[in-house]
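Residue strings, one per chain:
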Amino acid sequence: MDGPDELFSLRNNFYLGSYQLAINEGGNIHPKNESLRIERDCFVYRSYIALENYKVVLDEIRDNAPTALQSVRLLATYLSSDENKEIALITLKEWLSDSISQNNPTLQIIAAIIYCHERTYEEALRAIHNATTLEMQALLIQVYLRMDRVDLAERQLKVMQQQEDDATLTQLATAYVGIATGGQKIQEAYTILQELSEKYTSTLMLLNGMAVCQMAMGKFDEAEKTLLEAMQKGVNNPETLMNTIACMHHLRKAPEVINRTINQVKNMLPLHPWTTNLISIEKSFDRCALKYSPA
């Protein structure tokens, strides 16, 4: 009979977006098994990355660390600056070509995450196509959703539900697929996220998901309250700001208030797809406007 899962709380906090709690939890766990110690360290360092504290990861993970930890360090390298992206991608390709390291589950997950940032989703799918862990299956669903292949996401979700229906990752995946599907699934998705928030703790990730559901159901006043709660947890969180912009439009807030938030996102995330798409649309609008302006 298997013993208790020593890393359950650590993993759970990470998956729910409670990154500081995950870091704190990792400091209190001292597994005797080496593989568990490596997995613990991977989740702790990935939590630092999620908090954009790349320096800790780059400083503490050594060149002789196990492949899993080296993979996490590679993600920190990739995200730390635009100048590092090319060398990180070259290194990733080399590791994925190596007959030994290519089979490491953490490397495969990190590869898929990096390729998602690059928006090369076919490469991301190749990295995790075996889906040997529940996290890989959840990530596979995220990739399918980014590709607008809800049908494939639903198919993969059924596999997760058959394997471990009550797992936090499965519940989150169910909610995200529900949001993408729309209709009655939106209410189901909201209920799942709300229950996770009540059972564990409300996080930026859960609150933003709930706000998206509320907006999809036309409950913009409630969404605004949820987003205000999210802002109290992280005033400059990009997802919160973007969702707030959408919500303010529907609530017909003053243009200067909306534009202030838009400019905040532009300044914070000049290379984010949301920002680049918005700038492209603005330029297209300006070109069209010129055609109809008085001579």
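**Student:** Got a minute to help me understand the packing of aromatic side chains in this structure?
**Tutor:** Two numbers describe a pair of aromatic rings. These are the distance of the centres and the angle of the planes. Counted under the stated rule, the structure contains four aromatic pairs. Plain terms: the ring middles of F14 and Y19 are 5.7 Å apart, the flat faces sit at 70 degrees to each other, and that makes the pair edge-to-face. Take F14: its relative accessible area is 10%, and that puts it in the buried class. Assessed through its relative accessible area of 22%, Y19 is described here as partly exposed.

**Student:** What is the right way to look at the pattern of salt bridges in this model?
**Tutor:** Here the idea is simple: oppositely charged side chains can pair when their charged atoms come close. On inspection of all chains with the given rule, the structure shows eleven salt bridges. Put simply, E123 and R126 hold a salt bridge, and the shortest N to O gap is 2.9 Å. Note that E123 and R126 are positioned in helix α8 (residues 121-127) at a spacing of three residues, about one turn of the helix. A salt bridge links K253 to E224; the nearest nitrogen and oxygen atoms lie 3.0 Å apart. Here the residue K253 occupies a position in the loop between α15 (238-250) and α16 (255-268), and E224 occupies one in helix α14 (residues 220-233), the gap between them amounting to 29 residues. The class of K253 is partly exposed, set by a relative accessible area of 32%. You can call E224 partly exposed: its relative accessible area is 25%. Among the ionic contacts, a cluster of salt bridges with common partners joins D5, R11 and E39.

**Student:** Teacher, can you tell me more about the packing of helix α10 (residues 150-164) against helix α11 (residues 168-181) here?
**Tutor:** Contact pair α10 / α11: the axes reach a minimum separation of 10 Å and the direction vectors enclose 155 degrees. In terms of orientation, α10 lies roughly antiparallel with respect to α11. For the element pair α10 and α11, the recorded crossing hand is left-handed. Residues V150, A153, E154, L157, M160, Q161 and E164 of α10 touch α11, and the partners they reach there are L169, T170, A173, T174, V177, A180 and T181. Residues that form the contact of α10 with α11 fall into these classes: eight nonpolar, four polar and two charged.

**Student:** Can you walk me through helix α12 (residues 185-199) in this structure?
**Tutor:** Residues spaced three or four apart along an α-helix point in a common direction, a consequence of the helix completing one turn every 3.6 residues. For α12, with 15 residues, the first-to-last C-alpha span of 21 Å sits near the 21 Å given by 1.5 Å per residue. The inward-facing, buried residues of α12 abut α1 (8-16), α11 and α13 (204-216).

**Student:** What should I look at first to understand the packing of α1 against helix α2 (residues 19-27) in this one?
**Tutor:** Between two packed helices, the angle of one axis relative to the other and the distance separating the axes together describe the packing. Between α1 and α2, whose axes approach to 7 Å, the crossing angle comes to 160 degrees. By the angle class used here, α1 and α2 are roughly antiparallel. At the point where α1 passes α2, the crossing takes the left-handed sense. Note on element contacts: α2 touches α1 through Y19, L21, A22, E25 and G26, opposite S9, L10, N13 and F14. Taken together, the residues that form the contact of α1 with α2 break down as five nonpolar, three polar and one charged.

**Student:** What is the right way to look at α16 in this model?
**Tutor:** For α16, spanning 14 residues, the distance from its first C-alpha to its last is 20 Å, which sits close to the expected 20 Å at 1.5 Å a residue. Those residues of α16 that are buried are in contact with α15 and α17 (273-291).

**Student:** Before we go on, may I ask you to explain the side chain of R46 in this structure?
**Tutor:** Residue position: R46 is located in helix α3 (residues 34-50). Ignoring any residue separated from it by four or fewer positions in sequence, one finds R46 in contact with F14, V72, I109, I110, I113 and E135.

**Student:** Is there a simple way to think about the side chain of T203 in this case?
**Tutor:** Among the structural elements, T203 can be located in the loop between α12 and α13. Judged by its relative accessible area of 4%, T203 falls in the buried class. For T203, the residues in contact, after removing those within four places along its chain, are L16, G17, S18 and K233.

Here is what the cut-offs are and how they apply
Along each chain, residue indices are assigned from 1 in the same order as the chain's sequence is written. The predicted origin of the model limits local features to residues at a pLDDT of at least 70 and limits the giving and counting of side-chain atom pairs to 80 or more, whereas totals for whole chains, interfaces and linings rest on all residues. Where side-chain values are given, they derive from all heavy atoms of the structure, hydrogens and water being excluded. Any two rings among Phe, Tyr and Trp, with Trp reduced to its six-membered ring, count as a pair given centres within 6.5 Å; such a pair is stacked if its planes are under 30 degrees apart, edge-to-face if over 60, and tilted if neither. Burial classification: accessible surface area is computed with a 1.4 Å probe over protein chains only, and a residue below 20% of its type maximum counts as buried, one above 50% as exposed, and the rest as partly exposed. Salt bridge criterion: a side-chain nitrogen from Lys or Arg within 4 Å of a carboxyl oxygen from Asp or Glu. Comment: elements are numbered from the N terminus, with helices defined as DSSP H or I runs of at least four residues and strands as E runs of at least two. Between the N-to-C directions of two axes lies an angle of 0 to 180 degrees, each axis being a line fitted to C-alpha atoms and, for a helix, fitted only over the stretch in contact. For classification purposes, angles smaller than 35 degrees are called roughly parallel, those larger than 145 roughly antiparallel, those between 65 and 115 roughly perpendicular, and all remaining angles oblique. The handedness criterion is simple: a crossing whose near helix is rotated anticlockwise from the far helix by less than a right angle is left-handed, and one whose near helix is rotated clockwise is right-handed. Note on contacts: a residue pair qualifies if any of its non-hydrogen atoms lie within 4.5 Å across the two residues. All amino acids are sorted into three groups, where Ala, Val, Leu, Ile, Met, Phe, Trp, Tyr, Cys and Pro are nonpolar, Asp, Glu, Lys and Arg are charged, and the leftover types, Gly among them, are polar. For a helix, the expected span equals 1.5 Å multiplied by the residue count minus one.

Geometry only, nothing functional implied.
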